[in-house]
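Examining the three-dimensional arrangement
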Amino acid sequence: METKEKKLKVLLVADTANFALTDVYYGYQRAFKSINLDFEGFPFHKFREILSEKICYHIAHSTALISSNNFTHIIFIGGLNIPSFIYKNLYTVKTVIVATEDPHTSKPLLDNLDSIDYYFSNEKVIGNNKNLEKTYYCPTAGCPFECGKLPDSKITDRYRSDILFLGAVYPNRVKMLEGLIPLVEKHKLSFKVCGHVMYMPKKSPLWKYIYDARTIPHEETINYYNGAKAVINIHRDPRWNARDNTFKNPYKIPSKAESLNPRAYEVPLCQSFMLLDDSRAEAREIFTEKEVGFFNDGPSLIKAAEYFLVGKGKAKREEMAFRAYKKVSENHTYTHRALFIKDILEKDLIID
Amino acid sequence: MPQKEPNSFTGFVAYYTDGKSVKEKENFYSHKLEKNCATNWCEIDKNKLIALEMVWNGSVKIRIDKKEYPHIKPEDWFFTQSGIYNLKERKIRVLARNIGYKKDNITQVYSVDEETGILRSAVRGN
């Protein structure tokens, strides 16, 4: 029997939401270009500014199916909001999900697994699950084309700080960050909290340090990371549900979240020093104490911040940040992930 | 025209197994090729390389050493420049200098900006 090889061609679809997942989309877009993978981008978040979400779904669906486009695969970044009719009606075009979510938010996608051909999850418990045949473990990553060191002269005072927290100020983060206030006041440190504050309690003392209360655009995050002496990275508590601000999560979490957020890779790519919450298993699997400062609760965060900002650790920051930078540059970029995905997709392209 | 200080060398240094080293040079006359060359890269013997070091204005920005990357084979070493060719002056203006290595279908590149000395990285598929 003769076999012929089909050429891989991908339709890369961004998530509907215009936030962190957009950066993941652009990261994969740059990565696909850098490995010469034949693809077309579908920036859903951009189309959504002028068209209804429903129309965007239909355009993505029909674009994938036009035979002259020769798409072999459609890759959804995130994919959580994609209606199941798309998964179920892609005929010969294979469906790929690149999920960057916590275990509980993967639940709706896993319910559609019979219609999904490849599911790349950043959660090991899902990606490596032997009972789920089509799942693959693919951690989040950073984009070296988007994140990098800036010349000192380009960083204005607006972006300079001793301690920076950048991200949505979720309840578990508020609690930990509030604990830093006495240290900050004692040593007169510049402490900046940047991110949306819709879950902040009205009477929190942290309000004094809220510097930029909005979802910070990616270009500006790079400026903030570059201007900070230490960037704090606290993971979201997966038991907490953002939709109703309670700890009653609708999906019974299969296990503890293990994955790192993209920030864990973006900060090192800027050659900035990171204090990393090690409540997620990947934190110590990927980084060592020679590269980042670890903490796991309020008191250990204060201790780490004190050591690295006013204590003996001050002199170690630059060297540690450089080691973390090399680690991420050489192992954890979207190009590394894109090659991993490409290898798996290409294996199935030989047809009868 | 201002002269460069003796310690303000910018370029890569190739270290060899025999303890010798070769500095990157521009506008170089190659006796091997018997012609003027933009650089002395043709004189760099990749078979003898044990490390590449990128120096900017006298300070080492990055070192790629076989001790740290034992998998690097002679053909895996990578060094280039990014620049603009000035047609009028028939000279190349270097914008960035790049060193790196190849591994598992990936070329890992470290670039040093000629003007600022900022180190950036890039990863490319082979």
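Cut-offs used in this document
- Residues numbered from 1 in each chain as written.
- Chains lettered and ligands numbered in written order.
- Predicted model: local features only at pLDDT ≥ 70, side-chain atom pairs only at ≥ 80, totals over all residues.
- Heavy atoms only, no water.
- Contact = heavy atoms within 4.5 Å.
- Buried area = accessible area lost by both parts, 1.4 Å probe.
- Salt bridge = Lys/Arg side-chain N within 4 Å of Asp/Glu carboxyl O.
- Polar contact = N/O pair within 3.5 Å; in protein donor to acceptor, adjacent residues only side chain to side chain.
- Helix = DSSP H or I, 4+ residues; strand = E, 2+ residues; numbered from the N terminus.
- Domains from an automatic or database assignment.
- Buried < 20%, exposed > 50% of the residue type's maximum accessible area, 1.4 Å probe, protein only.

**Comments concerning the interface of chain A and chain B**
- In this assembly, 20 residues from chain A lie in contact with 20 residues from chain B.
- Taken over both partners, the interface formed by chain A and chain B buries close to 1500 Å², and the fraction arising from carbon and sulfur atoms is 53%.
- Of all residues in chain A, the largest losses of buried area upon contact with chain B belong to A:Tyr325, A:Lys326 and A:Glu330, amounting jointly to 29% of the total for that side.
- Scanning the region where chain A abuts chain B turns up one salt bridge.
- Seen at the junction of chain A and chain B, the total is 10 residue pairs in polar contact (both at pLDDT 80 or more).
- Looking at the side of chain A that touches chain B, the element that brings in the most residues is helix 13 (residues 317-331) of chain A, giving five residues.

**Comments concerning the domain arrangement of chain A**
- Assigned domains within chain A: domain 1 (4-141 + 333-351) and domain 2 (152-331).
- One C-alpha centre belongs to domain 1 of chain A, the other to domain 2 of chain A, and the line joining them spans 29 Å.

**Re the pattern of salt bridges**
All names here are of chain B.
- Within this structure, the stated rule accounts for 25 salt bridges over all chains.
- In this structure, the salt-bridge partner of Arg97 is Glu24, at a minimum N-O distance of 3.1 Å. Residue Arg97 is found in strand 8 (residues 91-103), and its partner Glu24 is found in the loop between strand 2 (21-23) and strand 3 (26-30); the two are separated by 73 residues along the sequence. The exposure classification of Arg97 matches that of Glu24, with both residues buried.
- The partner of Arg63 in a salt bridge is Glu53, and the shortest N-O contact between them spans 2.9 Å.

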